[in-house]
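So the chains spell out like this:
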Amino acid sequence: MEAEGAAVWQGAVLGGILFWLLSASYLNVTRKLRSFFQPWVSRHVETETPIILQIQSYGFGFLDALFSLLSCVVSVPFYTAFLPLLFWSGHGKLARQMTLLMAFCDYIGNCIKDVVSAPRPASPPVKRVTATKDEEDNALEHGLPSSHTLNTVCLSGYLLHYVLIHTQIQGAYATYLGVSLVCVLVFLIGLGRIYLGMHSVVDVLAGLLIGLVVLAFWLMVDEYVDSFVISGQNVTSFWAALSFLLLFAYPTPELPTPSFEFHTAFNGVALGIVTGVQQTYHQFHHGNVPRLFSSELTIPVFVGRMLLGIPTILIVKFCSKALAKWTIPVVANTLGIPIKSTSYIPTLNGSVTGKKSDKLKQGYMQKLLSQHKAFDVDTGIRFIQYAGLAWSVVDLVPSLFHT
């Protein structure tokens, strides 16, 4: 009976997403929403240029370095590197919740970016500081909302919630101090995005508001999601189908951006984490596993885990990519699906213009409905390589720890 009930609600969820996909494409929802929001946001971005210039007028080298560093600390690459260490330190529940929340934030934020397709502050006159390759890629995305602000609100807010609920750090003073630190961090991140010329005030405020809404929603469903992942019915098959649909349930931006690439990667990460945890929860991720600083998991042991784990997941990522580059074209050709590749497989790039911007993914629902456009296999390759990487973090590497 329980299995039948699970199948019903899972089918309803997947069916609802598919219905929305077809309806939104047929009704051209993205273009209608864009025509409503984009002019308003663009006007604010333009009128707020003097505010950005005024903030930047107080700038000097130290602030450039400070805000660039803060942006790196709350960036997607940082979280991608940090979350495996959280799993391996014994904090499995926090790690999987943060991973799924990060994937959810990434999807919501990037969807809104590409629906609105609002510009970033004009540079010049605004000085845009891009200290890392990641920041250069971020600058290619549309503006509203500020993903850094949104992610900081959600992840730091959830981390505070977890610490206050699941640890012995409790009491009014601890709550006040924690909330104060989170508020200061969010303020500095938002101010830094404006100072670096990456966002306008309206982008940061939108990121703050959306982040608060997403965080409030996640705090209502996190226990249900976690219970489903570790002990639900049809977990792997449901999440695989959900991940596949989410590759198509994405708006076509007005101009090509890397936002869809970021979504594809974290969509794969979520699938890999869910699949691995669901299979190995009772072996490696239950509530009684040794945690860092305990007698069973000392700092030297944890360092050893990092020295073994990090090279292993990088090897798995490389092998997953190589396997996907070989299998996806074979399957597509067998099924008669026209394909192309804009970066991963040079022999398949004949149908593209060769411009760098053309490799930025867009319009997947339109591609699904059109029989005359080739599918870009880079999407599948990226999805599989990050799913393989995430699976190795929670399944393969813990197995090596225990051999």
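Just above sits the structure.
Notes on the structure in this doc start here. (Residues numbered from 1 in each chain as written. Predicted model: local features only at pLDDT ≥ 70, side-chain atom pairs only at ≥ 80, totals over all residues. Heavy atoms only, no water.)

**A word on the packing of helix α6 (residues 92-116) against helix α10 (residues 201-231)**
- It is at 10 Å that the axes of α6 and α10 come closest, and there the two elements cross at 135 degrees. By the angle between their directions, the pair α6 and α10 is classed as oblique. Handedness of the α6/α10 crossing: right-handed. Where α6 abuts α10, its residues Lys93, Arg96, Gln97, Leu100, Leu101, Phe104, Cys105, Ile108 and Ile112 lie against Ile210, Val214, Phe217, Trp218, Asp222, Glu223, Val225, Asp226, Val229 and Ile230. (Axes fitted to C-alpha atoms, helices over the stretch in contact; angles between N-to-C directions. Helix = DSSP H or I, 4+ residues; strand = E, 2+ residues; numbered from the N terminus. Parallel < 35°, antiparallel > 145°, perpendicular 65-115°, else oblique. Left-handed = near helix turned anticlockwise from the far one by under 90°. Contact = heavy atoms within 4.5 Å.)

**Structural notes on the packing of aromatic side chains**
- The full count for this structure, using the stated rule, is 10 aromatic pairs.
- Ring centres of phenylalanine 36 and phenylalanine 37 lie 4.9 Å apart, and the angle between their planes is 90 degrees; on these two criteria the pair is classed as edge-to-face.
- Its relative accessible area of 37% is what places phenylalanine 37 among the partly exposed residues.
- Grouping aromatic residues by their ring pairs yields a cluster made of Trp9, Phe228 and Phe238. (Phe/Tyr/Trp six-rings, centres within 6.5 Å; stacked < 30°, edge-to-face > 60°. Buried < 20%, exposed > 50% of the residue type's maximum accessible area, 1.4 Å probe, protein only.)

**Considerations on the nonpolar core**
- Core analysis: the biggest nonpolar cluster contains 71 residues, and Phe87, Trp88, Leu100, Leu101, Tyr158, Trp239 and Val277 have the highest contact counts within it.
- Excluding anything up to four places from it in sequence, phenylalanine 87 contacts Gly92, Ala95, Arg96, Thr99, Ile273, Val277, His285, Val393 and Val394.
- Listed in part, the eight residues of the second largest apolar core include Ala324, Ile328, Ala332 and Ile381. (Core = buried A, V, L, I, M, F, W, Y, C linked by side-chain atoms within 4.5 Å.)

**Digging into the packing of helix α2 (residues 29-47) against α6**
- Two numbers describe how α2 lies on α6: the axes approach to 7 Å, and their chain directions differ by 80 degrees. Classified by the interaxial angle, the pair formed by α2 and α6 is roughly perpendicular. On the side of α2, the interface is formed by Thr30, Leu33, Arg34, Phe37, Gln38 and Val41, while α6 contributes Asp114, Val115 and Val116.
- For the contact of α2 with α6, the class distribution of residues is five nonpolar, two polar and two charged. (Nonpolar A, V, L, I, M, F, W, Y, C, P; charged D, E, K, R; others polar.)

**Overview of a nonpolar patch on the surface**
- A grouping of Leu69, Val73, Phe78 and Phe82 is seen on the molecular surface, where their side chains present a nonpolar patch of about 330 Å² in accessible area.
- Going through the elements one at a time, α4 (61-73) and α5 (76-88) are the ones with two or more residues in the nonpolar patch.
- By relative accessible area, phenylalanine 82 is classed as partly exposed at 32%. (Patch = residues over 30% accessible without salt bridge, like charges linked within 9 Å, V, L, I, M, F, W, Y side chains within 5 Å. Areas by Shrake-Rupley, 256 points an atom, 1.4 Å probe, with all protein chains shown as cover. Salt bridge = Lys/Arg side-chain N within 4 Å of Asp/Glu carboxyl O.)

**Considering helix α15 (residues 377-401)**
- Between its terminal C-alpha atoms α15 stretches 34 Å, which fits the 36 Å expected from 25 residues at 1.5 Å a residue.
- At serine 392, α15 is deflected by roughly 50 degrees, the largest bend along its length.
- The buried fraction of α15 is high, at 19 of 25 residues. (Expected span 1.5 Å × (residues − 1). Bend = angle between axes of the 7 residues up to and from the residue.)

**A closer look at unusual backbone geometry**
- In this structure, proline 124 follows serine 123 across a cis peptide bond, with omega equal to -5 degrees.
- Cis geometry marks the peptide bond from leucine 144 to proline 145, where omega comes out at 0 degrees.
- Along the polypeptide, proline 145 turns up in the loop between α7 (133-138) and α8 (147-166).
- The phi torsion at serine 117 lies on the positive side, around 50 degrees, for a residue other than glycine.

**Considering the environment of glycine 304**
- Along the polypeptide, glycine 304 turns up in helix α13 (residues 299-335).
- Remark: the alpha-carbon pair of glycine 304 and phenylalanine 401, spanning 97 residues in sequence, is separated by 9.2 Å.

**Structural notes on the side chain of aspartate 226**
- As for its position among the elements, aspartate 226 is in helix α10.
- A relative accessible area of 5% means that aspartate 226 is categorised as buried.
- In this structure, aspartate 226 is in contact with Lys93, Arg96 and Gln97, ignoring residues within four places of it in sequence.

**A short note on the environment of tyrosine 250**
- Take tyrosine 250: it is sitting in the loop between α11 (235-248) and α12 (259-285).
- Exposure remark for tyrosine 250: the relative accessible area of 7% places this residue in the buried category.
- Here the alpha-carbon distance between tyrosine 250 and histidine 263, two residues 13 residues apart in the chain, equals 9.1 Å.
- With sequence-adjacent residues up to four places away left out, tyrosine 250 is seen in contact with Tyr107, Asn110, Cys111, Asp114, Ser259, Phe260 and His263.

**Looking at the pattern of salt bridges**
- The tally for this structure, following the rule as stated, stands at four salt bridges.
- Across the salt bridge formed by glutamate 223 and lysine 93, the nearest N and O atoms sit 3.1 Å from each other. Of the two residues, glutamate 223 sits in helix α10 while lysine 93 sits in helix α6, which places them 130 residues apart along the sequence.
- Taking the shortest distance from any N to any O, the salt bridge between aspartate 226 and arginine 96 comes out at 2.4 Å. Here aspartate 226, found in helix α10, pairs with arginine 96, found in helix α6; they are 130 residues apart in sequence, far enough to count as distant. Exposure class is identical for aspartate 226 and arginine 96. Each is buried.

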